[in-house]
Amino acid sequence: MIIHVKTERPVTLRTYLRGVCGISARLLTRLKQIPGGITRNGVQIRSVDLVCDGDEIILQLPNDTHLAANPSLCVRIAYESEQVVVYDKPQGMPVHPSVHHHTDTLGNAFAARYPELTFRPVNRLDSDTSGLCLIAKTAFSAHTLSGSVEKAYRALVCGELTGDGTVDAPIARAEESIITRCVRADGKAAVTHYHTEHFDGKYSHLSLALETGRTHQIRVHMAHIGHPLAGDRLYGGDCTDYQRHMLHCAELSFTEPETGARIRLVSVPWWSEGKNRGVTNESIN
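Below is a summary of the structure that appears in this document. (Residues numbered from 1 in each chain as written. Predicted model: local features only at pLDDT ≥ 70, side-chain atom pairs only at ≥ 80, totals over all residues. Heavy atoms only, no water.)

Taken together, the side chains of Ile178, Ile179 and Leu234 define a hydrophobic patch exposed on the protein surface, amounting to about 310 Å² of accessible area. In this structure, Leu234 sits in the loop between helix H5 (217–224) and strand S17 (247–255). Residue classification places Leu234 among the partly exposed residues on the basis of a relative accessible area of 39%. (Patch = residues over 30% accessible without salt bridge, like charges linked within 9 Å, V, L, I, M, F, W, Y side chains within 5 Å. Areas by Shrake-Rupley, 256 points an atom, 1.4 Å probe, with all protein chains shown as cover. Salt bridge = Lys/Arg side-chain N within 4 Å of Asp/Glu carboxyl O. Helix = DSSP H or I, 4+ residues; strand = E, 2+ residues; numbered from the N terminus. Buried < 20%, exposed > 50% of the residue type's maximum accessible area, 1.4 Å probe, protein only.)

With that out of the way, let us pick up the packing of aromatic side chains. What the rule picks out here adds up to 5 aromatic pairs. With centroids separated by 5.7 Å and ring planes inclined at 70 degrees, the aromatic side chains of Tyr79 and Phe254 adopt a geometry described as edge-to-face. A residue pair is termed long-range when its members are at least 10 positions apart, and Tyr79 in strand S7 (residues 76–80) and Phe254 in strand S17 qualify at 175 residues. On the basis of relative accessibility, which here comes to 15%, the residue Tyr79 falls in the buried class. Classification of Phe254 as buried rests on a relative accessible area of 0%. Taking 5.3 Å as the distance between ring centres and 50 degrees as the angle between the ring planes, the aromatic pair formed by Phe110 and Phe119 counts as tilted. Of the two residues examined, Phe110 and Phe119, each falls in the buried class. An aromatic cluster is built from Phe110, Tyr114 and Phe119, whose rings are joined through pairwise contacts. (Phe/Tyr/Trp six-rings, centres within 6.5 Å; stacked < 30°, edge-to-face > 60°.)

With that settled, consider the sheet that holds strand S6 (residues 56–59). Sheet strands line up and pair through hydrogen bonds in the backbone, either parallel or antiparallel. The strand order S1-S6-S3-S4 describes an open sheet built from 4 strands, whose pairing is antiparallel. On the outer flanks of this sheet lie strand S1 (2–4) and strand S4 (43–44), each paired with one strand and no other. Across the sheet, helix H1 (residues 13–20) lies against S1, strand S3 (38–40) and S6, angled at about 100 degrees from S1, the strand it touches most. (Pairing = 2+ DSSP bridges. Contact = heavy atoms within 4.5 Å. Axes fitted to C-alpha atoms, helices over the stretch in contact; angles between N-to-C directions.)

Turning our eyes to something else, we now look at the environment of Gly237. Along the chain, Gly237 falls in the loop between H5 and S17. By relative accessible area, Gly237 is classed as buried at 13%. Along the sequence, Gly237 and Met222 sit 15 residues apart, while their C-alpha atoms lie 9.8 Å from each other.

The topology assignment puts Gly260 in the loop between S17 and strand S18 (262–267). Sequence separation between Gly260 and Tyr242 is 18 residues; the distance between their C-alpha atoms is 40 Å.

With that settled, consider the nonpolar core. Nonpolar side chains in soluble globular proteins tend to be buried together. Ranked by size, the top nonpolar core spans 41 residues in total, and within it Val86, Met222, Phe254 and Leu265 carry the most contacts. Sorting elements by how many residues they give to this core places strand S10 (residues 130–136) first, with 5 residues. By size, the runner-up hydrophobic cluster in this structure holds 18 residues, among which are Val11, Ile23, Leu27 and Ile38. (Core = buried A, V, L, I, M, F, W, Y, C linked by side-chain atoms within 4.5 Å.)

Moving on, we come to the pairing of S6. Burial along S6 is one-sided: Ile57 and Leu59 are buried, and none of Glu56 and Ile58, which face the opposite way, are. The pairing of S1 with S6 spans 3 bridges and is classified as antiparallel. Residue pairing in the sheet places His4 in a bridge with Glu56 of S6. Of the strand pairs in this sheet, S3 and S6 are connected by 3 bridges, and their pairing is antiparallel. Bridging across to S6, Arg40 finds its partner in Ile57.

Once that is clear, we can look at the pattern of salt bridges. If you walk through the whole model with that rule in mind, you get 14 salt bridges. Here the residues in one salt-bridge network are Arg154, Glu197, Glu251 and Arg264, joined through shared partners.

Here H1 has its buried residues at Leu13, Tyr16 and Leu17. All buried residues of H1 fall inside an arc of 90 degrees around its axis, so they share one side. (Arc of directions from axis to C-beta.)

Counted residue by residue, helix H3 (residues 106–113) has 6 buried out of 8 residues, so it is predominantly covered. Three or more residues of H3 are buried, namely Leu106, Gly107, Asn108, Ala109, Phe110 and Ala111. Its buried side turned inward, H3 meets strand S8 (84–89) and S10. Backbone nitrogen of Gly107 and a side-chain oxygen of the N-cap are separated by 3.3 Å at the start of H3; the cap is Thr105. (Polar contact = N/O pair within 3.5 Å; in protein donor to acceptor, adjacent residues only side chain to side chain.)

Below, the structure is given as C-alpha cells:
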C-alpha cells in the first residue's frame, strides 16, 4: 500500500497512520514486526519518526490466509482498483468455501486471479443471492471501507404488493435451527424499506434498502408480511418457476480507499426482461 503524506506540519508516523489513514493499532503493530514493513521514501521508518508533506510511505501489508485457486471459474468483474475488486456474483455461487463447497466459490475465483492476496469480502451474499460483492484487497482497504458501504437490492416476491412500505420487525434465530430466522419479539432490531416497481401478474418486482443487516433479513421480512421471495423454499416462497430465492444486490456505493472518490455501481438483475444485462459505474464525488 502506497501512501503520499499530506500534512501542513511534521507529525509522527503513528499519528498520521492512525489519525489520517485509519490504520488500526493492531495492524500497525504487525507492520512494525515485519522487516521492511513500513518504509519512508525507500528507507525503513519507526512509528515515532516524523513524516512530512510529500513523503512516500509504503506499507507491506500482511496476508493471513490463502484459498485454493480455481482458474476455471468465470465471474464478471464490475469494478477494480489497486485496493478493491467488485464481482457481479452469479446465483448459486457461495462466497466462502465450506464443507460442501471446497473449490467452487467466489473465494476460489479470487485466489486464482490474485494468488498473492488474502480474500476479504466486505459485503457477504448468500449463495443464492446474486449481484455486487465488494472485496478488499488489503487490510488497509478493509478497514477504510468499514461503514462506508451502501447497498440496494432487487427481488421478486409472491403476490401483488403495491406502493412503498417499511417492515420494522425484530429477527431472531428460529428455535432448534442454525439456519432459519423468524420475526420474534426478543429478536434483534431489523428494518427493511421497499418500493414496488411493478406487478407482472404473479410476482411483484421490488427494490429494497436495509437499515440493518440481519441474517436473511429481506427473506424473513417479506415472508412476514405475506409475500415471500419467489423460489424461497425455506420461507414459504412459490418454487414453481424458480428453484432459488430471487434476490439480487443491484446497487453498491462506497468510498474508494486510495482516492476518496465515492463510487456507485448498478447491476441489472439477471431476470429482468428487456434490459441489457450488465453493470454501470460512476464516481459520484
